[in-house]
Amino acid sequence: MSFQTLDDLDDGQRVLIRFDLNSPVEDGEVQDNRRFARHAATLSELLDRDFAVAVMAHQGRPGDDDFVSLDQHAEILAGHIDHDVAHVDDTFGEAALSAIDDLDQGEALVLENTRMADGELPEEEPEVKAETEFVQTLAPEFDAYVNDAYSAAHRSHASLVGFPVVMDAYAGRVMETEYEANTAIAEKEFDGQVTMAMGGTKATDVIGVIDHIGDKIDDFLLGGIAGQLFLRAQGYPIGYDVGDMDLFTTQWENNQEIIEEILAERGDQITVATDVAYGEDGERVEVDVDDVDEKGLGIMDIGTDTAEQYADVARDSDAVFVKGALGVFEDEKFSTGTVTVLEAIAETDCFSVVGGGDTSRAITMYGMSEDSFDHVSIAGGAYIRALTGAELIGVEVLQTED
Ligand SMILES: Nc1ncnc2c1ncn2[C@@H]1O[C@H](COP(=O)(O)OP(=O)(O)O)[C@@H](O)[C@H]1O
Ligand SMILES: O=C(OP(=O)(O)O)[C@H](O)COP(=O)(O)O
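Since we're looking at a predicted model, the values are computed, not measured. (Residues numbered from 1 in each chain as written. Chains lettered and ligands numbered in written order. Predicted model: local features only at pLDDT ≥ 70, side-chain atom pairs only at ≥ 80, totals over all residues. Heavy atoms only, no water.)

Quick look at the overall build of the protein chain
Formally: In this text, helices come from DSSP runs of H or I with a minimum length of four residues, and strands from runs of E with a minimum of two, each type numbered from the N-terminal end. Atoms considered for the radius of gyration are the C-alpha atoms alone. The globule rule reads 2.2 Å times the number of residues to the power 0.38. Partly exposed residues are those whose accessible area sits between 20% and 50% of the maximum for their type, while under 20% is buried and over 50% is exposed, using a 1.4 Å probe and protein chains only. In what follows, a contact means two residues having at least one pair of non-hydrogen atoms within 4.5 Å. Accessible areas in this description were obtained via Shrake-Rupley with a 1.4 Å probe; residue shielding takes into account the shown protein chains only.
Within the protein chain one finds 15 helices and 17 strands. In terms of overall size, the protein chain behaves like a compact globule, its C-alpha atoms giving a radius of gyration of 21 Å where 402 residues would be expected to give roughly 21 Å. Every one of the 402 residues in the protein chain was classed for burial, and the buried ones make up 56%. Considering only contacts in the protein chain between residues 6 or more positions apart, those separated by 24 or more positions represent 74%. For the protein chain, the exposed area adds up to about 16,400 Å²; of that, 41% sits on carbon and sulfur atoms.

Shown next as structure tokens:
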């Protein structure tokens, strides 16, 4: 199986491309990150070759604070290349169609957040997504569809899987390089200890792969929300929502059974924090998990002892995979877990991969070099799913028989 790539596009085509520009949003401001730089290179190539390019991308999930317009994304993209990038605050309505109509060769237009389009969600079969008004309206406006969003290719949404059913479909440069790197990594065999550090907020994504990848990984070092849910499963008053946030309740309900199964069958491969950190009067406070006696603590990081212990495991490993930050590293006082472990990996000569749009940002924020790691993926959930050997639906629909 293989893809058609940008090398197969005919000159002068009108191209509809899917990027993954999903980024952290702080106080309403979209934060620039590797995803922009990498997709900008694809966009620049297409514009230099004089294609007319309309970009689809998503930001956040409906109902969340980071579910915002893509107007800032267009500006940030433009900042990475020598071309203007326009934005229209519409996905496939009259305003979008009019802006697409006005789009000339060598020009770029970012359409509004795809998750604001009726039909984009929920996850359904490609053939079902292809029938949505969203796909049926936009597809005839273009000659070709390109998917560059490897990091969203595990989601069966219309903008990712619907268009290839009804249009000539191609893989963008980011899709190509991430696919090749992650597929090669999934096939690698290691002689010694193989470790995976997992954290972040998307606990369902990381917990969902533990069982599938458990024969390849000797030790899972847990932090972030997943780490707290495992502590909760072990009877600690940790991993509960504090205030009106819903980081834990839904993910606990969805994963309680699988967490308990993992602990029963692979408990010896799971390492959780022995101490944790929370904020009080603007300061970092650390506590042993055995001394936490109330559910009201908003835990923001693994503790220093745990971080050191995780770093020692990383130093003794032949290969280390990271998905999801071990704490809220964007706030320096809660960066200890993430940075201690990443620095240990960077300083040792183990094979190393860091994945995740947010997590890979910690490398730059804390002065580490991307060159210290074997691969820095802008994909999080997609990359760990690829490591299990599973095909990603958004990749599958692009593939052609050789
Ligand atoms: N204890 C925690 N509480 C809240 N957020 C956390 C916690 N630990 C880590 N995070 C956050 O997780 C984010 C990364 O999560 P996620 O989106 O799952 O990873 P990625 O985008 O890297 O795949 C980081 O921005 C970090 O602030
Ligand atoms: O950021 C993403 O995934 P990641 O956090 O696993 O890297 C993708 O854009 C997918 O977003 P989603 O997890 O809201 O579907």
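With respect to the site of ligand 1
Basically, it comes down to this: We call a residue near a molecule or strand whenever a single non-hydrogen atom of that residue lies within 4 Å of it. Think of a polar contact as two N or O atoms within 3.5 Å of one another; within protein, one of them needs to be a possible hydrogen donor and the other a possible acceptor, and neighboring residues in sequence only count if both atoms come from side chains. When residues are sorted by character, Ala, Val, Leu, Ile, Met, Phe, Trp, Tyr, Cys and Pro go into the nonpolar class, Asp, Glu, Lys and Arg into the charged class, and all the rest, Gly among them, into the polar class.
Close contacts around ligand 1 come from 20 residues, with Thr201, Ile299, Lys323, Glu330 and Thr359 the closest. One nitrogen or oxygen atom from the side chain of glutamate 330 is found 2.4 Å from an oxygen atom belonging to ligand 1. Calculation on ligand 1 without its partners gives an accessible area of 570 Å², and the protein chains cover 90% of this total. Counting residues per element, the ones that place at least two in the shell around ligand 1 are α9 (224–233) and β14 (299–302). Element by element, the count of residues in the shell around ligand 1 is highest for α9, at three residues. Residues that form the shell around ligand 1 fall into these classes: seven nonpolar, nine polar and four charged.

Notes on the UniProt feature "binding site: substrate" (unreviewed entry) in the protein chain
Let me state the cut-off plainly: UniProt positions are given in the numbering used here, feature names are shortened, and annotations may be inferred rather than shown by experiment.
Here, UniProt's "binding site: substrate" (unreviewed entry) annotation points to Asp20, Leu21, Asn22, Arg35, His58, Gln59, Gly60, Arg61, Arg115 and Arg155. Among all residues touching arginine 35, those that are not within four sequence positions of it are Asp20, Leu21, Asn22, Ser151, Gly357, Ile378, Ala379 and Gly380. Among the polar contacts listed, one links the side chain of arginine 35 to the backbone oxygen of asparagine 22, at a separation of 2.8 Å. Examined against the element boundaries, glycine 60 turns out to sit in the loop between β4 (52–56) and α2 (71–80).

A short note on the site of ligand 2
Not every one of the 13 residues close to ligand 2 is listed here, only the nearest: Asp20, Arg61, Arg155, Lys202 and Gly381. Separating an oxygen atom of ligand 2 from a side-chain N or O atom of lysine 202 is a distance of 2.7 Å. Compared with its free state, where it exposes 390 Å², ligand 2 has 94% of that area covered by protein.

Re the sheet that holds strand β6 (residues 108–110)
Quick note on the threshold: Two strands are counted as paired when DSSP detects at least two bridges linking them. Note on geometry: axes are lines fitted to C-alpha atoms, helical ones only across the stretch in contact, with angles between N-to-C directions running from 0 to 180 degrees.
The strand order β5-β6-β4-β1-β7-β8 describes an open sheet built from six strands, whose pairing is parallel. Each edge of the open sheet is held by one strand with a lone partner, namely β5 (85–87) and β8 (169–171). Each adjacent strand pair in this sheet contributes to an overall mean axis angle of 25 degrees, direction not counted. Where β4 lies against β6, three bridges are found, and the strand directions are parallel. Bridging from a neighbouring strand, valine 53 pairs with alanine 108 of β6.

A look at the environment of histidine 80
Tracing the chain through its elements places histidine 80 in helix α2. Exposure remark for histidine 80: the relative accessible area of 35% places this residue in the partly exposed category. C-alpha separation for the pair histidine 80 and tyrosine 310, spaced 230 residues apart in sequence, amounts to 36 Å. With sequence-adjacent residues up to four places away left out, histidine 80 is seen in contact with Asp32, Phe36, Ala37 and Ala40. Polar side-chain contacts of histidine 80 include one of 3.0 Å to the side chain of aspartate 32.

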